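# Tertiary structure, described
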Amino acid sequence: MKLTIVEYPDKRLRQKSKKVTSFDKKLHDLLDAMHPFMIETNGIGLAAIQVAHPIRALVLNIPDEDGEQLPENLLEIINPVIVKQEGETVYQEGCLSVPKFYEDIKRSESITINYQDRDGNTKTLDADGLLAIAIQHEIDHLEGILFIDKLSYARRKKFEKEYKKLQKERKKSS
Ligand code: QAP
Ligand code: CO
């Protein structure tokens, strides 16, 4: 399956993703394609809507202490629901759908989610650190929310200006 990234300001990123009800080969093929796509594009998290599939599915692969993204650390999360969140943390986030832009974003420090795996089995996961931040970022995608939506008015304006300039330069060189 060939995947391409959907980039801001594409309106498709604003859709609310649909709950997954069929845990079938079609879902498995998509997940199997999302993992290598995420690694090749230097991502640590990817929601299906970012590759034009508006379903409530995401993949994560948080690098270990050596910065390596090990296959055994691949997480596939379907239909996630945050059932508990505690504390506050700030991290400089980026997004494959908003290339080359990074800003500090405030999130809960630790979370508990309920979700399903690729076969529809119900699971619970406690997360903190970068994993907790990444899960919250990806769950936002399922609601059509981007990390840039969380910026102050002034920062958002600055972003829009810089991003437009960057896009013009990218168009010129492509
Ligand atoms: C979401 O983000 C995230 O601008 C995943 O040029 C962000 O994988 C989770 C990326 C922060 C936790 C903390 C961004 C790759 C990748 C870019 C990503 C770029 C190339 C972003
Ligand atoms: Co993102």
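That block above? That's the structure.
Below you will find a few notes about this structure.

Procedures and definitions
- Here, residues in each chain are numbered from 1, in the same order as that chain's written sequence.
- Lettering for chains starts from A, numbering for ligands starts from 1, and both go in the order in which the items are written.
- Thresholds applied to this predicted model are a pLDDT of at least 70 for local features of residues and 80 or more for the giving and counting of side-chain atom pairs; totals over whole chains, interfaces and linings are not thresholded and use all residues.
- Computation of side-chain values covers all heavy atoms of the structure but excludes hydrogens and water.
- Because no water is among the atoms considered, metal sites can look incomplete, with donors defined as N, O and S atoms within 2.8 Å of the metal, or 3.2 Å for Na, K and Ca.
- Numbered from the N terminus, helices here are DSSP runs of H or I no shorter than four residues, and strands are runs of E no shorter than two.
- We call a residue buried when its accessible area falls under 20% of the maximum for its residue type, exposed when it is over 50%, and partly exposed in between, using a 1.4 Å probe and counting protein chains only.
- Expected helix span is given by 1.5 Å per residue-to-residue step, counting one fewer step than there are residues.
- Contacts are assigned to residue pairs with any non-hydrogen atoms lying within 4.5 Å of each other.
- Only one rule defines a salt bridge in this text: a Lys or Arg side-chain nitrogen within 4 Å of an Asp or Glu carboxyl oxygen.
- Criterion used throughout: strands pair if DSSP finds at least two bridges between them.
- A molecule or strand has a residue near it when one of that residue's heavy atoms lies within 4 Å.
- We define a polar contact as two N or O atoms separated by no more than 3.5 Å, with the added condition that, inside protein, one atom must be a possible hydrogen donor and the other a possible acceptor, whereas residues neighbouring each other in sequence contribute only through side-chain atom pairs.
- Per-residue and other accessible areas were derived by the Shrake-Rupley procedure at a 1.4 Å probe size, with only the shown protein chains allowed to occlude residues.
- Three classes are used, and their members are as follows: Ala, Val, Leu, Ile, Met, Phe, Trp, Tyr, Cys and Pro are nonpolar, Asp, Glu, Lys and Arg are charged, and the others, Gly among them, are polar.

### Focus on the coordination of the cobalt ion (ligand 2)
Surrounding the cobalt ion (ligand 2) are the protein donor atoms C95 (SG), H137 (NE2) and H141 (NE2), which sit 2.1 to 2.2 Å from the metal. Expressed as a motif, the donor residue spacing for the cobalt ion (ligand 2) is C-x41-H-x3-H. A residue pair is termed long-range when its members are at least 10 positions apart, and C95 in the loop between β4 (89-93) and β5 (103-107) and H141 in helix α2 (residues 129-142) qualify at 46 residues. Taken as a pair, C95 and H141 share a single burial class, namely buried.

### Topic: helix α1 (residues 25-40)
For α1, with 16 residues, the first-to-last C-alpha span of 23 Å sits near the 22 Å given by 1.5 Å per residue. Turning to α1, its buried residues are L27, H28, L30, L31, A33, M34, H35, F37 and M38. Along its buried surface, α1 packs onto β1 (45-47), β2 (57-61) and β3 (74-86). Just downstream of α1 lies N42, where phi reads positive at about 65 degrees.

### Observations regarding the pattern of salt bridges
According to the stated counting rule, one finds 17 salt bridges in the structure shown. A salt bridge links E162 to K158, with the nearest nitrogen and oxygen atoms 3.7 Å apart. A residue pair is termed a helical-turn pair when its members lie 3 or 4 positions apart in one helix, as E162 and K158 do in helix α3 (residues 153-173) at four residues. Of the residues examined, E162 reaches a relative accessible area of 37% and is grouped as partly exposed. K158 sits in the partly exposed class, given a relative accessible area of 43%.

### Here's the deal with the pairing of strand β7 (residues 122-128)
Across seven bridges, strand β6 (residues 110-116) lies against β7 in antiparallel orientation. By the bridge assignment, I113 is partnered in β7 with L125. Where β6 folds back onto β7 in an antiparallel hairpin, the turn is made up of five residues, including G120, whose phi is positive at roughly 90 degrees.

### Section: the site of ligand 1
Neighbouring ligand 1 are 19 residues, the closest being G43, I44, G94, K100 and Y102. One of the backbone nitrogen or oxygen atoms of G94 is found 3.5 Å away from an oxygen atom of ligand 1. Between Y102 and ligand 1, the recorded distance is 3.1 Å, taken from a side-chain N or O atom to an oxygen atom. Out of a free accessible area of 510 Å², ligand 1 has 89% covered by protein chains. Breaking the shell around ligand 1 down by element, the ones donating at least two residues are β4 and α2. Residue contributions to the shell around ligand 1 peak at five residues, all from α2. Across the shell around ligand 1, the residue classes tally to 10 nonpolar, six polar and three charged.

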